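Observations on chain architecture
Below, each chain spelled out in residue letters.
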Amino acid sequence: MEKLKAELWDKVQYIFRNYYDRMIHSAVFYDGEIDLDVLRKSVYRVVTHFPILRSSFHSSAINPYWEVNEDYTLEEMATKVICDDIKSSALAYLSKEINYKDKLQFEITAHVNRGQSAITVLVNHMCLDGADFKYVISKIVEGYNLIARGGDISDLELKQGSRSYSQIYKDMSEEEAEEAKKLYQNVSHTGVKNKFDFTDDKECRTRFNFKKLSKDTVVALKAKGKENGATLNDVFMTAYARAISSRLAPSDDKRLVITSMKNLRDHIDSTNSESITNLTGFMPCVLHELGENFYDTLHKVSEQNDASKQDKYCGLYGIPLLALAFKLFPYSIAEFAIKVGYENPLIGMSNIGVIPDGYLELEGLRCVDAFMTGATKFKPYIHDEYHVQRRNNALHCSKMQ
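Residues numbered from 1 in each chain as written. Predicted model: local features only at pLDDT ≥ 70, side-chain atom pairs only at ≥ 80, totals over all residues. Heavy atoms only, no water.

**Observations concerning the side chain of Ser26**
By secondary structure assignment, the location of Ser26 is in strand E2 (residues 23-31). The buried category is assigned to Ser26, whose relative accessible area is 0%. Among the polar contacts listed, one links the side chain of Ser26 to the backbone oxygen of Phe371, at a separation of 3.4 Å. Excluding residues that lie within four positions of it along the chain, Ser26 makes contacts with Leu94, Ile119, Thr120, Val121, Phe133, Phe371 and Met372. (Helix = DSSP H or I, 4+ residues; strand = E, 2+ residues; numbered from the N terminus. Buried < 20%, exposed > 50% of the residue type's maximum accessible area, 1.4 Å probe, protein only. Polar contact = N/O pair within 3.5 Å; in protein donor to acceptor, adjacent residues only side chain to side chain. Contact = heavy atoms within 4.5 Å.)

Laid out in structure tokens, this is it:
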């Protein structure tokens, strides 16, 4: 049976299982009913091409690996449920967790009610990150439309190459790559212990909180940010910082750190990974004080984020340290060492980015709503994630906490 090497972030995501659900979640809502047979054929093509999506993870004490499964069927690619309430049904499915030992590392479900549909997708974060999750979704949509229009699914073009994290260095000069591979600083360790003031409800494990912003609001926020030399992401982070600071647990330390995940494909000339994988790094924003008003905070956030993005090694700090731990020690010891040295961000924020117009449109159906989010963290950790969807040249924002 074929085996795949467990790459750096596969192992790290496995270690993170104690902090969050390790899932990437998506729900896309349509005006019209999805053709389940067509959906299955498209997913089958993608899953056959990317064996990581049909592999079981083996956590060996020495060297963990993936075992590729061949006993998968067309019917397993997607299921269908008839429901009374599409949104409630979708959220119930997205609160599930896929076991890393399972034969398939994804779950796709079509929810149908009186001519309305939703597709929910769960994928194990060990297999890929947000950027490649968007890629996989786009290819499933592209394959669906190809089949629906009478085309041959084998004509669907899919990338192929390495899943290794080392590809982030391939387009650097020899001197830059050598320097980047020596960035051993543990940027996860900030020393800031402030956390969100959760309730004592021990039964609550996973919860999605949604907020949708209208196109007019998003456009206004973007314009106001530009007036102040800030990006839309800076504006959202500022709002998040000010809102969450009002609900921090009692502490003498008034600092706040919000850690974003940096897409390391920015260090690759093509801005794309060779195959589906995890290529992310840490980008913390430490606020020693918020200032008196929103604009004070926005200036501090924008200043820090600009400085981070201007660093040619942004997001690369600490990755050589993780790689060194796995290189020097058997996996079980490396896992222990990383748990001791790694400081999981108590408060995080991610920007999945813009979902272009037509990106999620299925043949004969109209996309009416969508959301995508990464892992949901367990208490005392909290995460805010958002994406901007472009429809008919208008920007719509969906946020999840």
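Next comes the rest of the write-up.
**As for the environment of Tyr44**
Following the sequence through the fold, Tyr44 ends up in helix H2 (residues 36-49). Using a relative accessible area of 31% as the deciding quantity, one classes Tyr44 as partly exposed. Each C-alpha atom, one on Tyr44 and one on Glu75, is 9.2 Å from the other, the two residues being 31 residues apart in sequence. With residues up to four places along the chain from it excluded, the contact list for Tyr44 reads Tyr72, Thr73, Leu74 and Met77.

**Quick notes on the pairing of strand E10 (residues 280-287)**
In terms of burial, E10 is largely enclosed, as 7 of its 8 residues are buried. When strand E9 (residues 256-263) meets E10, the two strands line up antiparallel, connected through 8 bridges. Looking at E10, one finds that Lys262 is bridged to Gly281. (Pairing = 2+ DSSP bridges.)

**Side note on helix H8 (residues 294-310)**
Since the α-helix advances by 3.6 residues per turn, residues separated by three or four positions end up pointing in the same direction. Look at H8: 24 Å from first C-alpha to last across 17 residues, which is about the 24 Å you get at 1.5 Å a residue. Within the span of H8, buried status applies to Thr297, Leu298, Val301, Ser302, Asn305 and Ser308. Along the long axis of H8, the arc covered by the buried residues comes to 130°, so they all point the same way. Exposed residues lying more than 90 degrees from the buried face of H8 are His299, Glu303 and Gln310. Close packing links the buried residues of H8 with helix H7 (232-245) and E10. In this structure Asn293 caps H8, since a side-chain oxygen of it lies 3.1 Å from the backbone nitrogen of Tyr295. (Expected span 1.5 Å × (residues − 1). Arc of directions from axis to C-beta.)

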